[in-house]
Amino acid sequence: MNGLNTILIVLGLFLAGGVYSFQKQQMPRSVIVLLLFGSVMCLLAGVLRIQGIWE
């Protein structure tokens, strides 16, 4: 696993934790959606780089 893959996956999981925390704090839905979108994109990019689909 490449270093960038690890960073992307860890960042995606960190942002997913932020989504959970913001949801519990009743933050505005727009902030939660943007954070969720960023989390999904980081995780997807990390997984696709591991699979060799996206370089």
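The structure under discussion appears in the preceding block.
Source: prediction; values computed, not measured. Throughout, a residue's number is its position along its own chain's written sequence, starting from 1. Selection of residues for local features in this predicted model requires a pLDDT of at least 70, selection of side-chain atom pairs for listing and counting requires 80 or more, and totals for whole chains, interfaces and linings are taken over all residues. Excluding hydrogens and water, the side-chain figures rest on all heavy atoms present in the structure.

> What should I look at first to understand the overall build of the protein chain in this one?
To qualify as a helix, a DSSP run of H or I must reach at least 4 residues; to qualify as a strand, a run of E must reach at least 2; elements of each kind are numbered from the N terminus. Within the protein chain one finds two helices and zero strands. Judged by the C-alpha coordinates and their principal axes, the protein chain covers about 40 × 15 × 10 Å. Residue exposure (1.4 Å probe, protein chains only): buried if accessible area is under 20% of the type maximum, exposed if over 50%, otherwise partly exposed. When each of the 55 residues of the protein chain is scored for burial, the buried share is 24%. Looking at the protein chain alone, contacts between residues at least 24 apart form 60% of all its contacts between residues at least 6 apart. Here the Shrake-Rupley method, with its probe set to 1.4 Å, supplies the accessible areas, and only the displayed protein chains count as covering residues. Summing over all exposed atoms, the protein chain offers an accessible surface of approximately 4100 Å²; the carbon and sulfur share of this is 71%. Contacts are assigned to residue pairs that have any heavy atoms within 4.5 Å of one another.

> What exactly am I supposed to notice about helix H2 (residues 29-51) here?
Side chains that are three or four residues apart share a direction in an α-helix, a result of its 3.6 residues per turn. Multiplying 1.5 Å by the helix residue count minus one yields the expected span of that helix. The end-to-end C-alpha separation of H2 is 33 Å, in line with the 33 Å expected for 23 residues at 1.5 Å each. Where H2 is concerned, the buried positions are Ile 32, Leu 35, Gly 38, Ser 39, Cys 42, Ala 45 and Gly 46. Buried positions along H2 lie against helix H1 (3-24). One or two residues past the end of H2 sits Gly 52, with phi positive at roughly 85°.

> Sorry, what's going on with the nonpolar core here?
Within soluble globular proteins, side chains that are nonpolar tend to cluster in buried spots. Only buried residues count toward a nonpolar core, which is a set of Ala, Val, Leu, Ile, Met, Phe, Trp, Tyr and Cys residues joined through side-chain atoms within 4.5 Å. If you look at the biggest cluster of nonpolar residues, it comprises five residues: Leu 15, Val 19, Ile 32, Leu 35 and Cys 42. Counting residues per element, the ones that place at least two in this core are H1 and H2. If you tally residues by element for this core, the top one is H2, at three residues. Discounting chain neighbours no more than four positions away, the residues touching Val 19 are Ile 32, Leu 35 and Leu 36.

> Even after reading the chapter, I still don't get the environment of Val 31, so can you show me in this structure?
By secondary structure assignment, the location of Val 31 is in helix H2. Using a relative accessible area of 33% as the deciding quantity, one classes Val 31 as partly exposed. Once the C-alpha coordinates of Val 31 and Leu 13 are considered, the two residues, 18 residues apart in sequence, prove to be 17 Å apart.

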